[in-house]
Amino acid sequence: MSVVVELAGLEVPGRHGVEEEERQREQPFLYDIRLELPEPGADRIEETVDYREVVELLRGISEAREFSLLEALASAVAEALLQRFPEIEHVRLRVRKPRVELGTAVDYAAATVERSRG
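Keep in mind it's a predicted model, so treat the numbers as computed, not measured.

**Quick notes on the overall build of the protein**
And step 1. From N to C terminus, the protein includes 3 helices and 4 strands.
And step 2. Counted from the first residue to the last, the protein has its helices and strands arranged as β-α-β-α-α-β-β.
And step 3. By its C-alpha atoms, the protein is 50 × 25 × 25 Å across when sized along the principal axes.
And step 4. Burial status across the protein gives 39% buried among its 118 residues.
And step 5. Relative to all contacts within the protein whose residues are 6 or more apart in sequence, the contacts with residues 24 or more apart total 62%.

**Some thoughts on the sheet that holds strand 3 (residues 90-97)**
And step 1. Spatial ordering of the open sheet is given by 1-2-3-4, a layout of 4 strands whose pairing is antiparallel. Two strands lie at the open edges of the sheet, namely strand 1 (2-14) and strand 4 (109-116), each paired on one side alone. Strand-to-strand twist across the sheet, computed as the mean angle between neighbouring axes with direction ignored, equals 15°.
And step 2. Direction of pairing for strand 3 relative to strand 4: antiparallel, over a ladder of 8 bridges. Bridge pairing in strand 4 places Val95 opposite Ala111.
And step 3. Helix-sheet contacts for helix 2 (residues 51-64) involve strand 1 and strand 2 (27-38), and the interaxial angle to strand 1 is about 40°.

**A closer look at the nonpolar core**
And step 1. Tyr31, Ile33, Leu35, Leu81 and Ile88 are the most contacted members of the largest nonpolar core, which totals 31 residues.
And step 2. Those elements that place two or more of their residues in this core are strand 1, strand 2, helix 2, helix 3 (70-84), strand 3 and strand 4.
And step 3. Among the elements that take part in this core, helix 3 stands out by supplying 8 residues, more than any other.
And step 4. In this structure, Leu81 is in contact with Ile33, Leu35, Val54, Leu57, Ile88, Val91 and Leu93, ignoring residues within four places of it in sequence.

Here is what the cut-offs are and how they apply
- Residues numbered from 1 in each chain as written.
- Predicted model: local features only at pLDDT ≥ 70, side-chain atom pairs only at ≥ 80, totals over all residues.
- Heavy atoms only, no water.
- Helix = DSSP H or I, 4+ residues; strand = E, 2+ residues; numbered from the N terminus.
- Buried < 20%, exposed > 50% of the residue type's maximum accessible area, 1.4 Å probe, protein only.
- Contact = heavy atoms within 4.5 Å.
- Pairing = 2+ DSSP bridges.
- Axes fitted to C-alpha atoms, helices over the stretch in contact; angles between N-to-C directions.
- Core = buried A, V, L, I, M, F, W, Y, C linked by side-chain atoms within 4.5 Å.

Any functional reading would require information beyond the geometric quantities listed.
In structure tokens form, the structure reads like this:
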């Protein structure tokens, strides 16, 4: 049996974007993460993925690198989640950038990736 864990609207600042000015200042990036995991056998954090460690991993990636494309950022995070947490069977990750300049009104730009183990 499996369980789905979701973290929605997780805000992690970063310096990502195509334009140099986007990488000169931190801006918010919002992550929606859906993890498929085996159902824990007991009510213990050791039986599953600790959300705090997911946040730590995200912060580490965002602080260590500057990505031009949301697609590349989303892929890097999804791959890192699978690598760091062997319990994860499938991950669906969307990264949203609310402060995107397109010359017209837009709520956000986003990229979504899915990865499975195996």
